[in-house]
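# Notes for the structure review
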Amino acid sequence: MSFTPTPIQTLLLFRLLFGGDEPKKSDLKPQLPGPAFKQLLDAGFVELEKRGRASHVLLTDRAWAWCREHLDAPFSPTLNAARVLQNLLPRLKAYLDAQGASLADLMAAAAPPPADASTPDVRTRIRETCLALGGGRTDTRVRLKNLRAALSDVPRERLDAALFALQRAGGLALYHLDDPRQRDAEDEAAAIEVLNSRFHIVYLTE
């Protein structure tokens, strides 16, 4: 039987998943009406386990699999939703630390480009232009403002998508220009912003 949780049911699943606990049924947050909770039981998303006099709510393997495939599912925007983030973000940080990944990597992976945005032709032109601007060498700082000027015929959205695609593939890295005295208005206008971080520099890595 096909079953799609409602937004409030989805919120409960995410709370159980990211909360890392198996609460008593009476302590569930959000509390679901009886029929809504029974739907989750009948669909095999949760199960009850008797511990002493209390019944504890456990996520099933089916619920874990559904959440994995539907992390983008809509859920009720309540105070309990904020608690989902409170539980999720530390785990996300630990994962990024373990992977040696940045938030820019995460956001690039989470924001797929338009269908034609990162075609091999644009990526090839980026590499060739960076080499030309860097004196034929990789691992040489190239300012985004100069790259954009050299590829002015490429729409900004398409160029940014191709840069993200190259970064995901390990072909280049985007960096912040730390010293504000080295940045001018053109650097700021050319920068790529991800989660309030601004990147002004491109390094070819291979």
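One can find the structure itself at the top, above this paragraph.
Residues numbered from 1 in each chain as written. Predicted model: local features only at pLDDT ≥ 70, side-chain atom pairs only at ≥ 80, totals over all residues. Heavy atoms only, no water.

## Digging into the nonpolar core
Within the largest apolar cluster, 24 residues are counted, with the highest numbers of intra-cluster contacts made by Leu 13, Leu 16, Leu 40, Phe 45, Val 46 and Leu 59. Counting residues per element, this core draws most heavily on helix 1 (residues 7-19), at seven residues. Core analysis: the next-biggest nonpolar cluster, separate from the first, contains 21 residues, Cys 130, Val 142, Val 154 and Ala 190 among them. (Core = buried A, V, L, I, M, F, W, Y, C linked by side-chain atoms within 4.5 Å. Buried < 20%, exposed > 50% of the residue type's maximum accessible area, 1.4 Å probe, protein only. Helix = DSSP H or I, 4+ residues; strand = E, 2+ residues; numbered from the N terminus.)

## Thoughts on unusual backbone geometry
Residue Pro 30 follows Lys 29 across a cis peptide bond; omega there is 0 degrees. Looking at the secondary structure, you find Pro 30 in the loop between helix 1 and helix 2 (34-42). Non-glycine residue Asp 139 carries a positive phi angle of around 55 degrees. For Asp 139, the location among the structural elements is in the loop between helix 6 (120-133) and strand 3 (142-143). Look at Asp 139 and you get exposed, because its relative accessible area is 53%.

## Observations concerning the pairing of strand 7 (residues 201-204)
Both strand 3 and strand 7 contribute to a ladder of two bridges, which runs antiparallel. Bridge pairing in strand 7 places Arg 143 opposite Ile 201. Two elements, strand 4 (residues 172-175) and strand 7, share four bridges in a ladder whose sense is antiparallel. The partner of Ala 173 across the bridge, within strand 7, is Tyr 203. (Pairing = 2+ DSSP bridges.)

## A word on the pairing of strand 2 (residues 54-59)
Within strand 2, five of the six residues are buried, which leaves it mostly tucked inside the rest of the structure. One ladder, built from six bridges, connects strand 1 (residues 46-51) with strand 2; its direction is antiparallel. The residue of strand 2 that forms the bridge with Arg 51 is Ala 54. The antiparallel pairing of strand 1 with strand 2 creates a hairpin that spans two residues between the two strands, and Gly 52 there sits at a positive phi of about 65 degrees.

## Overview of the packing of helix 1 against helix 2
Where helix 1 contacts helix 2, the two axes come as close as 11 Å, and the packing angle between them is 60 degrees. In this view, helix 1 runs oblique relative to helix 2, as classed from their interaxial angle. Handedness of the crossing formed by helix 1 with helix 2: right-handed. Facing Gln 9, Leu 12 and Leu 13 of helix 1, the residues of helix 2 in contact are Ala 36, Gln 39 and Leu 40. Tallied by class, residues from the contact of helix 1 with helix 2 come to four nonpolar, two polar and no charged. (Axes fitted to C-alpha atoms, helices over the stretch in contact; angles between N-to-C directions. Parallel < 35°, antiparallel > 145°, perpendicular 65-115°, else oblique. Left-handed = near helix turned anticlockwise from the far one by under 90°. Contact = heavy atoms within 4.5 Å. Nonpolar A, V, L, I, M, F, W, Y, C, P; charged D, E, K, R; others polar.)

## A closer look at the pattern of salt bridges
This model, assessed by the stated rule, comprises twelve salt bridges. Across the salt bridge formed by Arg 125 and Asp 153, the nearest N and O atoms sit 2.9 Å from each other. Placement of the pair is Arg 125 in helix 6 and Asp 153 in the loop between helix 7 (144-150) and helix 8 (156-168), with a sequence separation of 28 residues. Note on Arg 125: relative accessible area 26%, which makes it partly exposed. Several salt bridges share partner residues, and in doing so they unite Arg 143, Lys 145, Asp 184 and Asp 187 into one network. (Salt bridge = Lys/Arg side-chain N within 4 Å of Asp/Glu carboxyl O.)

## Thoughts on helix 1
Across its 13 residues, helix 1 extends 18 Å between first and last C-alpha, which sits within 8% of the 18 Å expected from 1.5 Å per residue. Burial analysis of helix 1 places ten of its 13 residues in the buried class, which makes it a mostly covered element. For helix 1, every residue scored as buried is listed here: Gln 9, Thr 10, Leu 11, Leu 12, Leu 13, Phe 14, Arg 15, Leu 16, Leu 17 and Phe 18. On its buried face, helix 1 is in contact with helix 2, strand 1, strand 2, helix 3 (61-69) and helix 4 (79-99). Two residues or fewer after helix 1 comes Gly 20, characterised by a positive phi angle close to 70 degrees. (Expected span 1.5 Å × (residues − 1).)

So far we have only geometry, and geometry alone does not tell us how the molecule works.
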